[in-house]
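# An overview of the molecular structure
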Amino acid sequence: MKILLVEDNDSIILGLEYLLNEEGYQFMAARTYEEAVTLYGQEYFDLVLLDISLPDGNGFELCRRIKKEQELPVIFLTAKEEEKDVVQGFDVGADDYIQKPFRNRELISRVKNVLRRCGKDQEVLHCRFVKLDTRTGIAYSHGKEVSLTKLEYKILSNMLNNQGKLFTRDEILAGIWDAAGNFVNDNTLSVTMKRIREKIGDTDGEIIKTVRGMGYRIEKE
């Protein structure tokens, strides 16, 4: 999932980048109306977080343009709290309206809710010939079902949900402790990663890349 933030406040940009990345979302920021138009014309986004007051334009007009050209979900994120602004935001097609200052967990909850309503929630994760259906817990490789253990499923789903991120061995071990329900040591992790690759047909490391001396990464498609 990739989110575009249209905002000219550097502190808010940095804070949201950290917050959204922690939640597994890809993130890009535009500081002006024109930069936003350029970005969503070149990149694919699943949702736009949009301020109303921009240095070179109006967020209401940008929302109307986005909805006309791509029909992307848009959430206004703004300090404007008057009723007329909220009403105008929804009138131009906004899917939600959040006032600054906002609470981090509430913002994430609203982002997920809008994505779910728009059918963009991450129910199916995929990379090249590998697909994982989180609704059924079934993995596929080249269209054929693959049988994974609970531990293997947890590792693969976490990596597919964060493509491009480098996972150190310690991060993976920390992330699977509770899911597996037992102790997983470093040697067990090496064996588990090897088995995942064998099961999904990735023996040459096309999907799961080994970063020598550091950990593993699934490259973004």
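This text follows the structure it describes.
For clarity, every value in this text was computed on a predicted model and none was experimentally measured. Here, residues in each chain are numbered from 1, in the same order as that chain's written sequence. Where totals are concerned, whole chains, interfaces and linings use all residues; where local detail is concerned, this predicted model gives features only for residues with pLDDT of at least 70, and gives and counts side-chain atom pairs only at 80 or more. Only heavy atoms go into the side-chain values, all of them from the structure, while hydrogens and water stay out.

This part covers the sheet that holds strand E9 (residues 130–133). Any two strands with at least two DSSP bridges between them are considered paired. Secondary structure elements follow DSSP: runs of H or I of four or more residues count as helices, runs of E of two or more count as strands, with numbering from the N terminus. Within the open sheet, the four strands sit side by side as E8-E9-E10-E11. Their pairing is antiparallel. A strand with exactly one partner marks an edge of an open sheet, and here the two such strands are strand E8 (124–127) and strand E11 (144–146). Between one strand and the next, the sheet's axes are offset by a mean angle of 25 degrees, whatever the strand orientation. Pairing geometry for E8 and E9, over four bridges, is antiparallel. Opposite Val124, over in E9, you have Asp133 as the bridge partner. Contacts between helix H6 (residues 150–160) and the sheet are confined to E8 and E9, with E9 contributing the most and set at about 105 degrees to the helix. In this analysis an axis means a line fitted to C-alpha atoms, helices contributing only their contacting stretch, and an angle means the value between N-to-C directions, from 0 to 180 degrees. In what follows, a contact means two residues having at least one pair of non-hydrogen atoms within 4.5 Å.

Before going further, it helps to spend a moment on the nonpolar core. Nonpolar side chains tend toward joint burial in soluble globular proteins. Among buried residues, those of type Ala, Val, Leu, Ile, Met, Phe, Trp, Tyr and Cys that are joined through side-chain atoms within 4.5 Å constitute a nonpolar core. With a 1.4 Å probe rolled over the protein chains alone, any residue whose accessible area is under 20% of its type maximum counts as buried; one over 50% counts as exposed, and the rest are partly exposed. Among the nonpolar cores identified, the biggest contains 24 residues, and Ile155, Leu156, Met159, Leu160, Met193, Ile208 and Ile218 are the most heavily contacted of them. At the level of secondary structure, the elements contributing two or more residues to this core comprise E8, E9, H6, helix H7 (169–180), helix H8 (186–200) and strand E14 (215–218). Counting residues per element, this core draws most heavily on H6, at five residues. Ignoring any residue separated from it by four or fewer positions in sequence, one finds Met193 in contact with Ile155, Met159, Ile208 and Tyr216.

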